[in-house]
Number of protein chains: 2
Amino acid sequence: MASSSVKNITIIGAGMVGSLLSIYLARRGYKVSIFERRPDMRTENIPAGRSINLALSDRGWRGLEGVGIETEIRKIGIPMSGRIMHSISGDLTYQQYGEKDQAIYATSRGILNCEMMNLAEKNGVKIHFNERCAGIDLEHNTARFENTLTKISSSNSSDLIFGADGAFSAARLQLQLTTERFQYSQNYLEHAYKELMIPAGPGGEFQMEKHALHIWPRGGYMMIALPNLDGSFTVTLFFPFEGKDSFATINNPSECLQFFNRVFPDAVKIMPTLTEDFFQNPTGGLVTVKCFPWTYKDKMALIGDSAHAITPFYGQGMNCGFEDCTVLNSLIDQFDGDWNKILPEYQQARKPNSDAIADLAVMNFIEMRDLVGSPQFLLQKKIEARVHDKYPQKWLPLYSQVTFSSIPYADALANGRRQQSIMQEVMAMPDIDKRWDSSEVENFILQKIS
Amino acid sequence: MASSSVKNITIIGAGMVGSLLSIYLARRGYKVSIFERRPDMRTENIPAGRSINLALSDRGWRGLEGVGIETEIRKIGIPMSGRIMHSISGDLTYQQYGEKDQAIYATSRGILNCEMMNLAEKNGVKIHFNERCAGIDLEHNTARFENTLTKISSSNSSDLIFGADGAFSAARLQLQLTTERFQYSQNYLEHAYKELMIPAGPGGEFQMEKHALHIWPRGGYMMIALPNLDGSFTVTLFFPFEGKDSFATINNPSECLQFFNRVFPDAVKIMPTLTEDFFQNPTGGLVTVKCFPWTYKDKMALIGDSAHAITPFYGQGMNCGFEDCTVLNSLIDQFDGDWNKILPEYQQARKPNSDAIADLAVMNFIEMRDLVGSPQFLLQKKIEARVHDKYPQKWLPLYSQVTFSSIPYADALANGRRQQSIMQEVMAMPDIDKRWDSSEVENFILQKIS
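Rules used in this analysis
- Residues numbered from 1 in each chain as written.
- Chains lettered and ligands numbered in written order.
- Predicted model: local features only at pLDDT ≥ 70, side-chain atom pairs only at ≥ 80, totals over all residues.
- Heavy atoms only, no water.
- Contact = heavy atoms within 4.5 Å.
- Buried area = accessible area lost by both parts, 1.4 Å probe.
- Salt bridge = Lys/Arg side-chain N within 4 Å of Asp/Glu carboxyl O.
- Helix = DSSP H or I, 4+ residues; strand = E, 2+ residues; numbered from the N terminus.
- Nonpolar A, V, L, I, M, F, W, Y, C, P; charged D, E, K, R; others polar.
- Pairing = 2+ DSSP bridges.
- Buried < 20%, exposed > 50% of the residue type's maximum accessible area, 1.4 Å probe, protein only.
- Axes fitted to C-alpha atoms, helices over the stretch in contact; angles between N-to-C directions.

Where interface size is given, it is often the accessible area lost as the parts come together that is meant. The interface is formed by 14 residues belonging to chain A together with 14 residues belonging to chain B. Together chain A and chain B conceal approximately 1400 Å² of surface at their shared face, both sides included; 44% is due to carbon and sulfur atoms. Per-residue buried area on chain A facing chain B is highest for Arg 181, Gln 186 and Tyr 188 of chain A; these three make up 42% of the total on that side. If you look at where chain A meets chain B, you find 0 salt bridges. Counting only elements with at least two residues in the side of chain A that touches chain B, the list comes to α5 (170-178) and β13 (183-198) of chain A. A per-element tally of the side of chain A that touches chain B places β13 of chain A first, with 7 residues. Of the residues belonging to the side of chain A that touches chain B, the class tally is 7 nonpolar, 5 polar and 2 charged. Judged from the 3 bridges that link them, β13 of chain A and strand β13 (residues 183-198) of chain B form a sheet pairing that is antiparallel.

Looking now at the pairing of strand β14 (residues 212-217) of chain B. Residue and element names in this part refer to chain B. With 6 of 6 residues buried, β14 is to be regarded as a mostly interior element. Taking every second residue as pointing to the same face, both faces of β14 are buried, with Ala 212, His 214 and Trp 216 on one and Leu 213, Ile 215 and Pro 217 on the other. As paired elements, β14 and strand β15 (residues 222-227) share 4 bridges and run antiparallel to each other. Directly across from Pro 217, in β15, lies its bridge partner Met 222.

Turning to the sheet that holds strand β4 (residues 77-80) of chain B, a few remarks are in order. Residues and elements named next belong to chain B. As summarised here, the arrangement of the 3 strands in space is β3-β7-β4, forming an open sheet in which the pairing is antiparallel. If you trace the sheet from one side to the other, it starts and ends with β3 (54-56) and β4, each paired once. Averaged over all pairs of adjacent strands, the angle between their axes in this sheet comes to 35°, without regard to strand direction. Here 4 bridges tie β4 to strand β7 (residues 104-107), and the two strands are oriented antiparallel to one another. Note that in β7 the partner of Met 80 across the bridge is Ile 104.

Structure (structure tokens):
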């Protein structure tokens, strides 16, 4: 229980992170209200085409374990133990993500969010839907809302406000407009994303390997696919806005088919609604948001994407937001509910790590689209895997540090850079493709690590 | 005259850049209205302590020449032909800025701005004061304003809107909130500024050399002083917010005097109002703003600080904004008033250059506070000056490229980096302090340049 005077907490946003946070707080005895801009997705249809599947990994599971819903959620996830690269000629290459028993879990954003809202309400959290945040009086802990249906304005006062309202956060905008020295950047990639679909086969079967994340790496762009429970795959094309091969050059169904037949021939055969999906679904931008501070006195804090929106290429956006909740929860213990101490510590602890995963995500985009298919890259991964197998304490691949551990992201980034510089030397060795598993190479690496 | 349908132009902001732009446009026959948030500074007192003197240099003069007011303005400027470094022990070192006849001009922001508003009105520009921009309907070329005195709201429609409303631009915020893929960053330095004062001597005389910019470089921070027409100097302390020597550690007059006596002993003797100024004047943040795009279709454009707020360390903020006007003016000629072509060309031309001067300004802060006083730095400048004197076509110092030329800032930055890497090699030569003017050193440099 809180020892400070905080009793009522308002959360802006009933997305994944806002919902999880509300459960943590409600179980500690706080009275929690959530205000969500969108309609209740449990009773209303949400528009399609913006769902980029989630890949739950260790940090996400830890967040769910903290409120005891990991078993429930695991039932709706599909384990993907590696990635399968599709070449233009249709050759498949499999690359395991971690140990044999490790996997990331493809999970439907919609189902997960609904489950978590249900659980929040079971814990006494009140969720108000269709309430758009129109501003916050930071000094007086008061948030203003406008109902998107009735247009009625209202205001809500509480002892503490969390902004969990995503990449285009109204809470963060309030900090930008009213606090001094607010550091802020929003950077868009030159690539956008477009959601497409591979339906289930005739008997509801999966038309490609189910337990893998599929990638079509093509250099300047790429396509990925993640399995859904119903046998379908959600496909996402990451593609430049402008340039030779880009959204700007595909303007009609025939141009679309021509392009897909040329570069994704194996996929296009199982994408019967390709041209409809391509022209009906929105083209989404990919933004990285960094800001600081995340908090205002002991009155407000940002959490999840509102504090650190990242690109989806490491599959860590939600996982990072859930880790925010885990860290915040342990700080509430550590400081016995004294929010004057919790909030500064929270932002100091999380800021370097969210900056690191933002950079890692952009780096992984380059790796996925440019390198994943190349023989050199696959050889390097094979050497790293061999060193890891023999000396697991000394060499944990960067992907595993990010995905299958709770090593702080900033440490993982630093470790990864050190590993990469060692591997650059290794890959420059003469005849490395012939003696990649020699004791000489092994000793070189071991010496460099220590 | 404009060949397109643009007749009425609205400018938000009657600062230096908005006023100059209005004159350029009015003289071309456009009907120009300016809406300014503040009161008319020609009739009302403006609050002190936020005036950082301006240093007009070549790009600024060129902007003024374009509307024929350079002679008028030169009368209110004080030429500063170099900088004078003050050491702790009171030793003075003089460093000339460029050629003997070159100088930057200390100019009062207030006087210059008033002169330019007068001239704007003489050219038929209507300036509305106390009108705060409350938002812009970009699609319909309509800006909303709220009068800060009467609280009456109004809206203004025109054919084209310019946002010349400074570092905290309402026009830019509109782009951030409503346009897709808006790239944006605002970054504050860890240093702030505080305006202080050295009054005129008993007979109105200057108490330090009049034709110089005075610097007290002290490593982690610095103080500068620029002359005013009345014999006084406006002093600015650039000082960290936090840390050992910082605003956070100076909390009363005795701490203030103790600090100034320790690090600025020669200055403190001629600063009788030091402690009053220190605690009454605001502590101002130093922000760099970068964004893109600067324009919305052929309907709106940002100009000056609203598009590219920079730190004051190269004395280029206003000069850069005036250069925006010069470039825009020549593009109006080039495209015969077709704003569909002018605006895209304007932002493409100016963006790399405003990015470059932003980076140069921050680099110059480091140079001014850390290096300017060191013997190594002075030797390096002496070598560069010698090479420049003998081979003026081959070696123009970076400071001169930025200050006394119209070389695009981006080119100056690239040239400066190349020069710096050559000079690093030169300064690493053994006994360079003894043979700095040898033909060997000279030949080494000449060979590197070509």
